[in-house]
Number of protein chains: 2
Amino acid sequence: MPKDLPLITTAPVVRRDAARNREALLRAAAELIESCGVDDLTTEAVAARAGVGKGTVFRRFGSREGLMASLLNHREEEWQASVISGPPPLGPGAPPMERLLAFGASRLRHHREQAALIEAAGTTWGENYAVLGFVSLHVRMLLSQLGVQGDLGYLATALVAPLGVPVLRQLMDAGGMSEAQVVAGWNDLVARVVAQPSATRSS
Amino acid sequence: MPKDLPLITTAPVVRRDAARNREALLRAAAELIESCGVDDLTTEAVAARAGVGKGTVFRRFGSREGLMASLLNHREEEWQASVISGPPPLGPGAPPMERLLAFGASRLRHHREQAALIEAAGTTWGENYAVLGFVSLHVRMLLSQLGVQGDLGYLATALVAPLGVPVLRQLMDAGGMSEAQVVAGWNDLVARVVAQPSATRSS
């Protein structure tokens, strides 16, 4: 039980400091990743650049993985904002097929840019159902607007799956496909899903 | 440089012992997983059941993850053998569409059964391009036999992606879909991919 009145007034100061440190650490981590990549990033370097002690990194983020996950969440929020309220065709205002193809290319680019960070964040972030839920729901909404019949929840998830980091690594890093080839392949997949009532369902 | 002649004759004995221990450990691990699940499996328990010292586990498999990966490889080989030379419709002899639908249902079941093991094996096994390559090539061959036009390598990978463990966890564990619903969704996806020349390519 706290018995010192000053706690009541110092608590907000602590919270403000914490928030300021958190932002400074995220900015420092982003700048270091920009110049040196994710693999060489140390918590010591991030703390030094942010002008705080190394212990502050662990107090604010729990671990190096936690710092990566927070940075990733920040970038995911920016990307989601561009889908929800950014300019068309990714954002609202374009016809649904244009939005869907813009989504695929943008999601692929986002995952390629964040791949090292996603892998560094590990299971802290890797199976983030909140993120998967957002992208699946967005694709499902567009499939519905396009008049696609069938299990739209399943089809949306199946269209999102090949845009995941492990599949992109398989296709591009191991398989040597270019970004343009992968985008063309995904657009073809979308065209088949959207154009064709299922032979299985109509039989 | 070896200078003791006995090495020449003892080496095969050591290799025979190593192979026997390896098999005994894999069998012990499989039996323990059957009764207690993957999460509670300890290397001590596996060693004790196989009648060897704990050090033998690490000599043969490197780590607990390595043991899981070896067990997984063993099961993957069995599954691949059933595709290559097992009875139809999964194995050869059925029409390509029947083989493709049998592949999807069987791969889904295999991944559900091995999901805990795949996750326990972690990155040792998780991004196993040899396995991904086999399944993609198999689907690509069937798409080709079905006369599908387009980038068959991409389409095969895109059809395999929603059968991966993380997507199945999202659909079934987080989303509450039944195995029958997921199989029906995948079959519908396949029917769309196979039935329809791409609107994008034909325009």
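Cut-offs applied
Residues numbered from 1 in each chain as written. Chains lettered and ligands numbered in written order. Predicted model: local features only at pLDDT ≥ 70, side-chain atom pairs only at ≥ 80, totals over all residues. Heavy atoms only, no water. Helix = DSSP H or I, 4+ residues; strand = E, 2+ residues; numbered from the N terminus. Contact = heavy atoms within 4.5 Å. Salt bridge = Lys/Arg side-chain N within 4 Å of Asp/Glu carboxyl O. Buried < 20%, exposed > 50% of the residue type's maximum accessible area, 1.4 Å probe, protein only. Buried area = accessible area lost by both parts, 1.4 Å probe. UniProt positions renumbered as here; feature names shortened; annotations may be inferred. Least-squares fit on C-alpha atoms with pLDDT ≥ 70 in both. Phe/Tyr/Trp six-rings, centres within 6.5 Å; stacked < 30°, edge-to-face > 60°. Lys NZ or Arg CZ within 6 Å of the ring centre and 35° of its normal. Core = buried A, V, L, I, M, F, W, Y, C linked by side-chain atoms within 4.5 Å. Expected span 1.5 Å × (residues − 1). pLDDT = per-residue confidence, 0-100.

Under an unreviewed UniProt entry, the name given to chain A is AcrR family transcriptional regulator, and the organism recorded is Nocardioides kongjuensis.

A.B. asks: Describe the overall build of chain A, listing the residues and the values that go with them.
C.D. replies: Secondary structure summary: chain A contains eleven helices and zero strands in total. The N-to-C order of helical and strand elements in chain A reads α-α-α-α-α-α-α-α-α-α-α. In chain A, of all internal contacts separated by at least 6 residues, the share reaching a separation of at least 24 is 65%.

A.B. asks: Give me the pattern of salt bridges: which residues, what numbers.
C.D. replies: By the definition in use, this model includes 18 salt bridges over all chains. For B:R112, the salt bridge goes to B:D173, with nearest N and O atoms at 3.0 Å. Here B:D173 lies in helix α9 (residues 165–174) and B:R112 lies in helix α5 (residues 96–121), a separation of 61 residues in the sequence. By relative accessible area, B:R112 is classed as partly exposed at 27%. What you see here is one network of salt bridges that share partners, running through A:R112, A:E119, A:R169 and A:D173.

A.B. asks: Requested: an account of the interface of chain A and chain B, with residues and values cited.
C.D. replies: Each partner contributes to the interface: chain A provides 36 residues, whereas chain B provides 36 residues. Of the roughly 3,100 Å² buried where chain A meets chain B, counting both sides, 64% is carbon and sulfur surface. Taken together, chain A and chain B are joined by zero salt bridges. Listing elements by their share of the side of chain A that touches chain B, those giving two or more residues are α7 (129–145), α8 (152–160), α9 (165–174), α10 (179–195) and α11 (199–202) of chain A. Top element by residues in the side of chain A that touches chain B is α10(A). It accounts for ten residues.

A.B. asks: Break down the UniProt feature "DNA-binding region" (unreviewed entry) in chain A for me, citing the residues and quoting the values.
C.D. replies: As recorded in UniProt, the feature "DNA-binding region" (unreviewed entry) lies at residues 42–61 of chain A. In the segment residues 42–61 of chain A, helix accounts for 80% and strand for 0%; the C-alpha atoms at its two ends are 14 Å apart.

A.B. asks: A description of the relation of the copies chain A and chain B should follow, citing residues and the corresponding values.
C.D. replies: Once chain A is rotated about the relating axis by 180° and shifted along it by 0.0 Å, it coincides with chain B to within an RMSD of 0.0 Å. In the structure described here, the two chain copies are related by an operation that fits a two-fold rotation axis. Interface residue correspondence from chain A to chain B reaches 100%, placing this contact among same-surface, isologous pairings.

A.B. asks: Which residues make up the packing of aromatic side chains, and what are the values?
C.D. replies: All names here are of chain A. Scanning the entire structure with this criterion turns up six aromatic pairs over all chains. Ring geometry for F103 versus W186: centroids 6.1 Å apart, planes at 50°, classification tilted. Here F103 is found in helix α5 (residues 96–121), whereas its partner W186 is found in helix α10, with 83 residues between them in sequence. Using a relative accessible area of 0% as the deciding quantity, one classes F103 as buried. For W186, a relative accessible area of 1% translates into the label buried. Cluster of aromatic residues (ring-pair linked, three or more members): W79, F103, F134 and W186. Over the ring of W79 we find R107; its NZ or CZ atom is 4.3 Å from the centre of that ring.

A.B. asks: Account for unusual backbone geometry, naming residues and giving values.
C.D. replies: Following A:P88, the chain continues into A:P89 via a peptide bond in cis, with omega recorded as 10°. Note on placement: A:P89 falls in the loop between α4 (64–85) and α5.

A.B. asks: Mind laying out the environment of A:H138, listing which residues take part and the relevant values?
C.D. replies: Residue and element names in this part refer to chain A. Relative to the helices and strands, H138 is located in helix α7. The exposure class assigned to H138 is buried, which follows from its relative accessible area of 7%. Put simply, H138 and Q80 are 58 residues apart on the chain and 10.0 Å apart in space, counted from C-alpha to C-alpha. Not counting the four nearest positions on each side in its chain, H138 is found in contact with V83, R99 and F103.

A.B. asks: For the nonpolar core, give the residues involved together with the corresponding values.
C.D. replies: The biggest cluster of nonpolar side chains holds 66 residues, and the ones touching the most others in it are A:F103, A:L143, B:F103 and B:L143. Residue contacts for B:F103: discarding those within four places in its chain leaves B:W79, B:L90, B:V135, B:H138, B:V139, B:V160, B:L163 and B:W186. Counting residues in each nonpolar core, the second largest holds 27 residues, with B:L26, B:A30, B:V38 and B:A47 among its members.

A.B. asks: Talk me through the environment of B:R49; I want residue IDs and the actual numbers.
C.D. replies: For B:R49, the location among the structural elements is in helix α2 (residues 43–50). When sequence neighbours within four positions are dropped, the list of residues in contact with B:R49 reads B:A28, B:E31 and B:L32.

A.B. asks: Before we move on, can you summarise helix α7 (residues 129–145) of chain B with the specific residues and values?
C.D. replies: Residue and element names in this part refer to chain B. The terminal C-alpha atoms of α7 lie 24 Å apart, and with 17 residues this matches the ideal 24 Å at 1.5 Å per residue to within 8%. Here α7 has its buried residues at V131, F134, V135, S136, H138, V139, L142 and L143. Looking one or two residues past α7, G147 carries a phi angle of roughly 80°, positive in sign.

A.B. asks: Report on the confidence of the model for chain A, specifying residues and quantitative values.
C.D. replies: All names here are of chain A. With 86% of its residues at a pLDDT of 70 or more, chain A has an overall mean of 86. Between the elements of chain A, mean pLDDT differs from a low of 45, seen in α11, to a high of 97, seen in α8. Confidence drops under a pLDDT of 50 for residues 1–10, and excluding neighbours within four residues, the segment shows one contact in the predicted structure. Low pLDDT (under 50) marks residues 198–203, which in the prediction has ten contacts with non-local residues, meaning those over four places away or in another chain.

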